[in-house]
Amino acid sequence: MGTENNNETDEQREIAEIIEGDRDWLDLGYWTQTDKDTAEMTDEQRTIILGPDENSTKGTTKEAILLKWHRILGHINPWYLLRIAKHIPGMEEVARLPSNTRLPKCDCCYRTKSKSQPKDKPSFRRYKTCMHMLHSDMSGIIRAPSIQNAHYFVIFIDDASSYKFVFLLSTKDKWLEALDRVITITGRCPRVFRTDNAGEICSAKAMEFYKQRNIFHQACSPDEHEQNPRSESAIGSISVTARAMLAFSGLAKRYWGFAVLYASEVQNRTLPFMCNSDKTCYHAFHGEPPDNSMLHPFGCAAYVHIRKSRRRDQKWDDTAVLGVFLGLGFHMGYKGYVIGALDGRRLYITRKNVTFNHSYFPKKQGSEPNSNFWSQGDKAEPDTLIT
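These remarks concern the structure in this document.

Calculation notes
- Residues numbered from 1 in each chain as written.
- Predicted model: local features only at pLDDT ≥ 70, side-chain atom pairs only at ≥ 80, totals over all residues.
- Heavy atoms only, no water.
- Helix = DSSP H or I, 4+ residues; strand = E, 2+ residues; numbered from the N terminus.
- Buried < 20%, exposed > 50% of the residue type's maximum accessible area, 1.4 Å probe, protein only.
- Contact = heavy atoms within 4.5 Å.
- Areas by Shrake-Rupley, 256 points an atom, 1.4 Å probe, with all protein chains shown as cover.
- Pairing = 2+ DSSP bridges.
- Axes fitted to C-alpha atoms, helices over the stretch in contact; angles between N-to-C directions.
- Parallel < 35°, antiparallel > 145°, perpendicular 65-115°, else oblique.
- Left-handed = near helix turned anticlockwise from the far one by under 90°.
- Nonpolar A, V, L, I, M, F, W, Y, C, P; charged D, E, K, R; others polar.
- Core = buried A, V, L, I, M, F, W, Y, C linked by side-chain atoms within 4.5 Å.
- Salt bridge = Lys/Arg side-chain N within 4 Å of Asp/Glu carboxyl O.

## Overview of the overall build of the protein chain
- Helix and strand counts for the protein chain stand at 13 helices and 14 strands.
- Across the 387 residues in the protein chain, those meeting the buried criterion constitute 39%.
- Contacts spanning at least 24 positions in sequence make up 52% of the contacts within the protein chain whose residues lie at least 6 apart.
- Accessible surface for the protein chain amounts to roughly 24600 Å². Of this, 49% is attributable to carbon and sulfur atoms.

Written out as structure tokens, the structure reads:
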């Protein structure tokens, strides 16, 4: 016995400390008790050690067989393993296992098959006071610069009314100025500010800004942007609307800044602030319904009246100049329309001295000034009645 003990490997000594009694190591990949001990025990009662390493797993013999074949077959799902074993020769020991045999914990599967957990269900709880809480997010970089030389746009959403404030940014570090402008426009400072975990939003300068204005900042967990769903959804919704406006108007991509600003304005004036409500976001935030008579198709023709004093030949020059409608001027500090010149070098801002042609888009290929686009349906022949 002394000689045998001296010849024991370190591996066997480690197993001997865990297991009491004589155990035999089998080539099948699991430990079992001797026949003398197992004669008095059933398979369910018999405890085994799976593997002599630090990740040893305890379980029954049935679990050991299942784990052995789980490893042989590339860590296959045990549910499939138990089903296919009944029809494949050589897997008789697996076929004899009960269908409710549980697979012991597999450390390799935990490390290599991990998946993100399902997203939390959206919460419909909202604050009842406007500007008590703001949601915010910033778009990704837009390679083509806008006419305003912007590469980003940032959005701020009021939690109670879903009203959106959108600003164009040339660089990411300008977003703090945009938040300060929201506070200036509304005259109210938010108590809670929810954002993602972006570096510029959680910087030391931003934290000092929150502290000075007594704002409680709620940041998402790293790489879990779904915790800020309203901002993420609004960014996508405004982007889709702006893309459709640009495509239909025929304007170049550098006009995306005007399209984004006008898309947010349209959504504020038309979308309900809640799914089951008839009030728009504008109505819920300002307390009165909007005047949507100012809305026109983005990129449509706009004839801006030129004052007599600004004409070269006051007698014979045209009294109006043709341009394209680019939105409303509220974001620029003006209460009026923004009209872009066809050459792209000038902007006109006016409230009354303009006439719109909704059927003519000067930058759209194939569009003509005298086309009666909106009345084409009236001239169509009626459908044939089937009796």
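Next, the rest of the story.
## Comments concerning the pairing of strand E10 (residues 301-305)
- Pairing analysis gives five bridges linking E10 to strand E11 (residues 320-328), with the strands arranged antiparallel. Counted as the bridge partner of Ala302 is Gly323 from E11.

## Brief notes about the packing of helix H10 (residues 229-249) against helix H11 (residues 256-270)
- The interhelical angle for the contact between H10 and H11, taken along N-to-C directions, is 120 degrees, at an axis separation of 8 Å. Regarding the angle of H10 to H11, the classification is oblique. Here the hand of the crossing between H10 and H11 comes out right-handed. Contacts from Ser237, Ile238, Thr241, Ala242, Met245 and Leu246 in H10 reach Trp256, Ala259, Val260, Tyr262, Ala263, Ser264, Val266 and Gln267 in H11.
- Along the lines of polarity and charge, the residues of the contact of H10 with H11 split into 10 nonpolar, four polar and no charged.

## What to know about the nonpolar core
- With 38 residues, the main nonpolar core has Phe298, Phe325, Leu326, Tyr337, Ile339 and Phe356 as its most contacted residues.
- Counting residues per element, the ones that place at least two in this core are strand E6 (152-158), H10, H11, E10, E11, strand E12 (337-341) and strand E14 (354-357).
- By residue number, the principal contributor to this core is H11, which donates eight residues.
- Those residues in contact with Ile339 that lie beyond four places of it in its chain are Ala302, Val304, Gly323, Val324, Phe325, Arg346, Leu347, Tyr348, Val354 and Phe356.
- In terms of nonpolar packing, the next biggest core, distinct from the first, is built from 27 residues, Phe156, Leu176, Ile201 and Tyr282 among them.

## As for the pattern of salt bridges
- Considering all chains together, one arrives at five salt bridges under this definition.
- In this structure, Asp180 and Arg213 form a salt bridge, with 3.7 Å as the shortest nitrogen-oxygen distance. In this pair, Asp180 sits in helix H8 (residues 175-186) while Arg213 sits in the loop between helix H9 (204-212) and strand E9 (216-219), placing the two residues 33 residues apart along the sequence.
- For Asp180, a relative accessible area of 30% translates into the label partly exposed.

## Observations regarding the sheet that holds E6
- Here five strands make up an open sheet; going across it, the order is E7-E6-E5-E8-E9 and the pairing mixed. Each edge of the sheet is formed by a strand with only one pairing partner; in this case those strands are strand E7 (164-169) and E9. The mean inter-strand angle of the sheet, taken between neighbouring strand axes irrespective of direction, is 20 degrees.
- In terms of strand pairing, strand E5 (residues 133-138) meets E6 through five bridges, oriented antiparallel. When the bridges of E6 are listed, Leu134 appears paired with Asp158.
- Against the sheet, H10 touches E5, E6 and E7, its axis set at about 125 degrees to E6.

Fair warning: the whole summary comes from geometry, so function is off the table for now.
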